[in-house]
Amino acid sequence: MATSACSTANLQFAPFSSALDAGFWHKLSENKLDVYGLDDKPRKIHGFYFNGDAVGIPCRLNVDYTAFNEIPQIPPNYFLSHGILQNKNTIDAFKSCDKKELLNDIAHELWLDITSGKAIDDPTLLSKFLMLTYADLKKYHYYYWFTFPALCAPETFPLTKKPIRFSERFTEEQTNAFLAAYTQFQESTRGQRGVKTGYFILQETQTGLQVANLKDADRLLSDPQGKVLFCVCDPSTLAEHPGWPVRNLLTLIAYHWADKLPEVEIVSFRDRISQGSRDISHSLVFTVQLQSLSNLTECPKCVGWEKNAKGKLVPRMVDLSATMDPVKLSESSVDLNLKLMRWRLLPELDLEKITRTRCLLLGAGTLGCNVARSLLGWGVRKITFVDNSRISYSNPVRQSLFVFEDCLHGGKAKAEAAAESLRRIFPGVDAQGHSLTIPMPGHPLSESSIEQTRKDVAVLEELVDQHDVIFLLMDTRESRWLPTLLGAAKGKIVLNAALGFDTFLVVRHGVKMPGEPMDTGPPGEAKLSSNVHGSQLGCYFCNDVVAPGDSTRDRTLDQQCTVSRPGMSMITAALAVELLVSILQHPEEGGAPADTSARDEHITKDMMSILGLVPHQIRGFLSRYYNLLPASRAFEKCTACSSIVIEHYRKEGFGFLLSAFNQPSYLEDLTGLTQLHQETLDSEVWAISDDDESM
Amino acid sequence: MVDGTISASVFADELHAFVELSATLKDTWQLAMANDSKCGYISKRQLLKLDQHLADVSSGMVESSLEVDELTEQEVEDEESNTIQVKPQTRVISCEYHVVYSDSYSVPVLYFNMYHDSGKLLTLDEIWSLVPQIYQSRLSQERWTFLTQQEHPILGRPYFQLHPCHTASLMKHSVLSRATKPEISTDTAQGLAGVSATSHTPSMRRKGSYLVQWLSSVAPVVRLGMSLEYGLIGNN
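Because the structure is predicted, anything quoted here is derived from the model rather than measured. (Residues numbered from 1 in each chain as written. Chains lettered and ligands numbered in written order. Predicted model: local features only at pLDDT ≥ 70, side-chain atom pairs only at ≥ 80, totals over all residues. Heavy atoms only, no water.)

Moving on: the overall build of chain A. Secondary structure assignment for chain A yields 21 helices and 28 strands. In summary, chain A has a C-alpha radius of gyration of 41 Å against a globular reference of 26 Å for 695 residues, an excess of more than 25%. With respect to the three principal axes, the spread of C-alpha positions in chain A is 140 × 55 × 45 Å. Taken over 695 residues, chain A has a buried fraction of 56%. Sequence separation of at least 24 residues holds for 74% of the intrachain contacts in chain A that already meet a minimum separation of 6. Entry remark: accessible area of chain A is about 30,100 Å², with carbon and sulfur atoms responsible for 52%. (Helix = DSSP H or I, 4+ residues; strand = E, 2+ residues; numbered from the N terminus. Rg over C-alpha atoms; globule rule 2.2 N^0.38 Å. Buried < 20%, exposed > 50% of the residue type's maximum accessible area, 1.4 Å probe, protein only. Contact = heavy atoms within 4.5 Å. Areas by Shrake-Rupley, 256 points an atom, 1.4 Å probe, with all protein chains shown as cover.)

So, in structure tokens, the structure goes:
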């Protein structure tokens with residue numbers, strides 16, 4: 001403990017630093033909204049400080065959620081500080097309010113408490129603070145500035161001796177006597193408010209040590225038998241400096257008793273408990289020469305504004321949006337819920353990958369709504385809908401993002417309404433809707449609609465570029481053709497879900513890398529190897545030997561999803577999303593191999609993601625509550641994903657698409673399906689004639 | 001009890017006993033009664049000094065205290081010679097620990113928050129960075145203690161939580177292993193009716209010792225100070 005000559009000259013004090021808890025800001029926000037409104041008159045609050053902190057902890061004035069309580073609720077062994085909250089309604093009012101006047105007002109109050117003797121009866125009045133605040137409740141930004149008023153009178157506090165430790169000043173016997181007296185004193189003076197007194201008198205006599213109230217000072221000071229020491233419960237842990245509460249006590253002493261006490265002993269009482277035992281030996285005794293203030297009539301100068309972390313006299317700001325903004329809270333809760341799954345069951349689960357996967361949902365009907373909800377559940381943040389229809393009265397019961405009101409006045413546009421609904425469910429989602437008609441092959445375009453279609457195609461192409469996964473959730477087969485082609489051409493993960501009455505299909509399209517020729521595998525090997533790599537898997541159209549045409553003309557019941565069993569869309573949508581998550585968790589993603597038989601003995605390690613198999617197709621039969629997991633190879637003559645189709649699309653762009661839309665046989669001719677049909681016909685004829693012969 | 005869980009009423013008894021024990025040891029656990037909850041909870045505040053060692057761990061923990069120099073239009077003159085110039089201070093983190101009963105798991109749960117002096121809560125990542133190194137490696141293997149953020153069941157504000165799902169199995173082993181020691185006191189506590197009188201009969205424990213055992217095993221993970229005296233007294 002190096003005590004320089006300089007530092008013994010005048011006593012200097014360690015200022016308070018403010019310590020808030022989140023609960024205070026919660027309560028302030030609540031009060032601002034429910035009680036204060038625009039009324040910005042000063043409010044009484046409470047703070048508290050402690051004289052038992054470990055060495056190295058700054059003097060803290062705590063203000064927590066109990067600050068607004070009518071009756072101060074002070075933790076045991078803490079001491080009360082009287083606060084004024086000055087909450088401003090605008091940042092400008094916060095900036096421009098007169099800080100000098102604020103401090104002056106509280107200084108006058110303090111001065112009055114001292115001169116009137118009120119602070120002798122209730123010494124807690126010596127510890128005050130003012131808190132200037134502005135709460136930006138839209139951003140959850142809180143601006144604040146504390147002042148801990150201390151009167152600058154006397155101007156200096158000359159020390160006549162070096163500060164000494166309590167244990168140097170008093171014997172162990174005296175110390176024990178003091179502690180017993182102090183404990184009894186606190187118990188007897190706690191009063192109705194249950195608040196401990198942070199200021200008291202220690203009278204040292206021949207017979208021992210007594211503890212008394214400040215109001216006994218006059219009597220004790222005139223007692224020639226004893227010596228009076230003033231004691232302050234001191235939040236400072238510094239070896240040479242007491243904390244702020246000592247200052248105003250010195251002013252009080254100087255005003256009332258300095259005439260009788262040219263020199264006063266101040267006990268800076270520090271009361272620490274560590275490992276279950278009490279220690280006060282580090283308390284300090286300062287001997288200060290006090291200039292009498294009894295003739296002073298003017299309120300002296302006052303200081304006390306708190307400096308910020310950089311040592312500047314400016315306000316502070318704290319951004320509590322992470323813990324108070326309900327939108328951010330809902331985001332972090334959703335994330336945490338998913339992380340629980342990782343922490344508890346699947347340490348390798350890559351949730352971030354799922355979260356950043358951008359999903360394009362083509363179709364915002366029953367499948368689109370349910371797929372979107374499942375994606376939300378997995379934490380997906382970017383979901384875009386494309387649909388061209390409006391919400392009708394039959395929709396809300398099955399299409400889980402819509403409600404009755406959405407059907408009124410002709411019905412809202414489905415894509416936008418679905419996106420809006422998602423944002424209402426979870427504001428953290430980036431959901432957009434596009435009302436758009438997806439052009440279909442075999443549905444000839446009139447001259448006048450070509451330009452619109454050109455625009456629509458451009459939008460769709462851009463949307464496919466901007467997303468990682470394309471869900472095909474439309475209600476016609478041929479509307480899936482263009483996005484299948486776009487997904488294949490751009491190397492996207494495409495998930496296709498389709499409903500019959502009581503059957504459904506979920507299929508992931510083979511993922512071709514852009515620029516690479518389609519890999520249909522070695523010819524003829526299909527039967528030999530049941531394991532098909534993800535890049536060799538077929539698309540929705542690969543198993544077809546007819547190009548998509550106009551299916552709305554002669555639709556059979558099983559192609560109309562609106563007459564599927566109502567639970568099917570939920571099952572199917574859920575399976576489509578879970579399949580996506582399995583794909584994303586597989587090291588090869590879209591390249592994950594699938595097995596054509598899905599028999600246990602055929603399953604190899606490379607097929608498994610951490611969530612299990614990544615099947616190519618899930619075909620469900622609700623009548624038997626049974627699912628099959630077939631896999632099939634890409635078809636070299638496929639009208640949607642074969643190399644020749646993709647090449648033509650890449651080379652000719654919209655011109656090629658236009659031919660496909662307008663000419664019914666264009667795609668079949670191009671891919672060689674027409675020729676295949678011819679060959680099939682020939683072989684059938686041959687087969688029949690063969691049969692004929694055998695008869 | 002034999003499966004490591006305790007009933008709400010046993011928990012309430014434990015709380016009272018624990019708070020008494022705390023007072024004996026001059027610790028500062030306080031009992032708080034909740035309005036609509038049967039058993040209330042106990043709480044304790046504690047300061048955590050970010051010394052050199054911890055400051056390294058939490059170097060990324062800089063408060064977002066925006067430049068607010070422009071926030072005051074009026075120069076405030078407040079310098080005077082009686083105030084010491086406070087050096088860039090030791091960073092202090094305030095910690096608040098609550099022990100609350102979980103009805104669904106029938107075990108005590110530790111809720112806690114740590115915050116800067118501005119009231120800003122530490123993030124989950126910052127909390128993890130404060131978990132002592134020896135537990136970091138253990139936690140990555142053993143999953144019985146992990147941290148999540150949850151709404152405090154009584155206060156309704158976000159708190160961190162040591163998840164209770166493995167507390168019962170932890171306490172089962174703990175209670176049984178203690179039960180094999182002969183010096184265990186034999187006062188008959190509630191909650192053990194129906195336990196067959198085998199050589200392992202955990203015929204029991206002083207009130208409060210369940211909380212002492214549980215809390216002392218989880219406290220170090222979240223830097224909650226717990227005097228060794230708790231264990232000594234519990235065994236006497």
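Let's pick the thread back up.
Moving on to the overall build of chain B. Of regular secondary structure, chain B possesses 7 helices and 6 strands. For chain B, the succession of helices and strands along the chain, N to C, is α-β-β-α-β-β-α-α-β-β-α-α-α. Residue burial in chain B is summarised as follows: out of 236 residues, 52% are buried. Carbon and sulfur atoms form 51% of the exposed surface of chain B, whose accessible area is close to 11,300 Å².

Residue and element names in this part refer to chain A. End to end, helix H15 (residues 450-466) covers 24 Å across 17 residues, agreeing with the expected 24 Å (1.5 Å per residue, within 8%). Ile450, Thr453, Asp456, Val457, Leu460, Leu463 and Val464 are the residues of H15 that are buried. Along the axis of H15, the buried positions cluster into a sector of 140 degrees, meaning they face one direction only. Of the surrounding elements, those touching the buried residues of H15 are strand E17 (358-362), strand E18 (382-387), strand E19 (430-435), strand E20 (469-472), helix H16 (481-489) and helix H19 (654-662). (Expected span 1.5 Å × (residues − 1). Arc of directions from axis to C-beta.)

Moving on to the interface of chain A and chain B. In this assembly, 72 residues from chain A lie in contact with 53 residues from chain B. Summing both sides of the interface, chain A and chain B together bury roughly 5,300 Å²; the carbon and sulfur share of this comes to 56%. At the surface where chain A touches chain B, the tally comes to 2 salt bridges. Taking the shortest distance from any N to any O, the salt bridge between B:Arg45 and A:Asp64 comes out at 2.3 Å. Here chain A is connected to chain B by 13 residue pairs in polar contact (both at pLDDT 80 or more). (Buried area = accessible area lost by both parts, 1.4 Å probe. Salt bridge = Lys/Arg side-chain N within 4 Å of Asp/Glu carboxyl O. Polar contact = N/O pair within 3.5 Å; in protein donor to acceptor, adjacent residues only side chain to side chain.)

Turning our eyes to something else, we now look at the packing of aromatic side chains. Residues and elements named next belong to chain A. Summed over the entire model, instances satisfying the criterion amount to 36 aromatic pairs over all chains. Aromatic side chains Phe129 and Phe146 sit 5.8 Å apart centroid to centroid with 35 degrees between the ring planes, which places their arrangement in the tilted category. Remark: Phe146 occurs in strand E6 (residues 141-151) and Phe129 occurs in strand E5 (residues 128-136); sequence separation between them is 17 residues. An identical accessibility class is assigned to Phe129 and Phe146; each is buried. An aromatic cluster is built from Phe16, Phe24, Trp25, Tyr49, Phe68, Phe79, Phe129, Tyr142, Tyr144, Phe146 and Phe148, whose rings are joined through pairwise contacts. Against the face of Phe621 rests Arg624, its NZ or CZ located 5.4 Å from the ring centre. (Phe/Tyr/Trp six-rings, centres within 6.5 Å; stacked < 30°, edge-to-face > 60°. Lys NZ or Arg CZ within 6 Å of the ring centre and 35° of its normal.)

Residue and element names in this part refer to chain A. Here 8 strands make up an open sheet; going across it, the order is E19-E18-E17-E20-E21-E22-E27-E28 and the pairing mixed. This sheet does not close on itself; its edge strands, each paired only once, are E19 and strand E28 (626-628). The sheet shows a mean angle of 15 degrees between the axes of neighbouring strands, direction not considered. Sheet analysis places strand E21 (residues 493-499) next to strand E22 (residues 503-508), joined by 5 bridges and oriented antiparallel. (Pairing = 2+ DSSP bridges. Axes fitted to C-alpha atoms, helices over the stretch in contact; angles between N-to-C directions.)

A few words now on the environment of A:His648. All names here are of chain A. If you trace the backbone, His648 turns up in helix H18 (residues 643-652). Between the C-alpha atoms of His648 and Leu670, which are 22 residues apart in sequence, the distance is 9.4 Å. Setting aside its immediate chain neighbours within four residues, His648 contacts Gly653, Phe656, Tyr666 and Leu670. Here the side chain of His648 touches Ile644 through a polar contact of 2.9 Å, landing on its backbone oxygen.

Structurally, A:Trp305 is set in strand E15 (residues 302-305). Between the C-alpha atoms of A:Trp305 and A:Ser17, which are 288 residues apart in sequence, the distance is 10.0 Å.

Residues and elements named next belong to chain A. An ideal rise of 1.5 Å per residue puts 16 Å on 12 residues; helix H9 (residues 245-256) measures up with 17 Å between its terminal C-alpha atoms. With respect to burial, H9 is a largely interior element, 11 of its 12 residues being buried. Turning to H9, its buried residues are Pro245, Val246, Arg247, Asn248, Leu249, Leu250, Thr251, Leu252, Ile253, Ala254 and Tyr255.

All names here are of chain A. By the definition in use, this model includes 28 salt bridges over all chains. Between Lys41 and Asp39 there is a salt bridge, with its nearest N and O atoms 3.7 Å apart. Residue classification places Lys41 among the partly exposed positions, given a relative accessible area of 46%. Residues Glu589 and Lys353 are paired through a salt bridge, measuring 2.9 Å at the closest nitrogen-oxygen approach. Within this pair, whereas Glu589 is found in the loop between helix H17 (566-585) and strand E24 (594-595), its partner Lys353 is found in helix H12 (residues 351-355), the two being separated by 236 residues in sequence. Lys353 sits in the buried class, given a relative accessible area of 17%. Three or more residues joined by partner-sharing salt bridges are found here, namely Arg169, Glu204, Lys227 and Glu265.

In terms of nonpolar packing, the biggest core is built from 106 residues, with A:Phe24, A:Trp25, A:Met131, A:Phe178, A:Phe230, A:Leu250 and A:Ile266 touching the most fellow members. Contact partners of A:Met131, with chain neighbours within four places excluded, come to A:Leu20, A:Phe24, A:Trp25, A:Ile45, A:Ile84, A:Leu85, A:Gln86, A:Tyr144, A:Trp145 and A:Phe146. (Core = buried A, V, L, I, M, F, W, Y, C linked by side-chain atoms within 4.5 Å.)

All names here are of chain A. In this structure, Pro154 follows Ala153 across a cis peptide bond, with omega equal to -5 degrees. With respect to the helices, strands and loops of the structure, Pro154 is situated in the loop between E6 and strand E7 (164-165). Positive phi is not limited to glycine here, since Tyr140 has a value of about 60 degrees. Mapped onto the elements, Tyr140 comes out in the loop between E5 and E6.

All names here are of chain A. Burial within E5 is extensive, with 9 of its 9 residues counted as buried. Here E5 shows two buried faces, one formed by Lys128, Leu130, Leu132, Tyr134 and Asp136 and the other by Phe129, Met131, Thr133 and Ala135. Both strand E4 (residues 78-88) and E5 contribute to a ladder of 7 bridges, which runs parallel. Bridging across to E5, Ile84 finds its partner in Leu130.

Function cannot be read off these values alone, since they describe shape.
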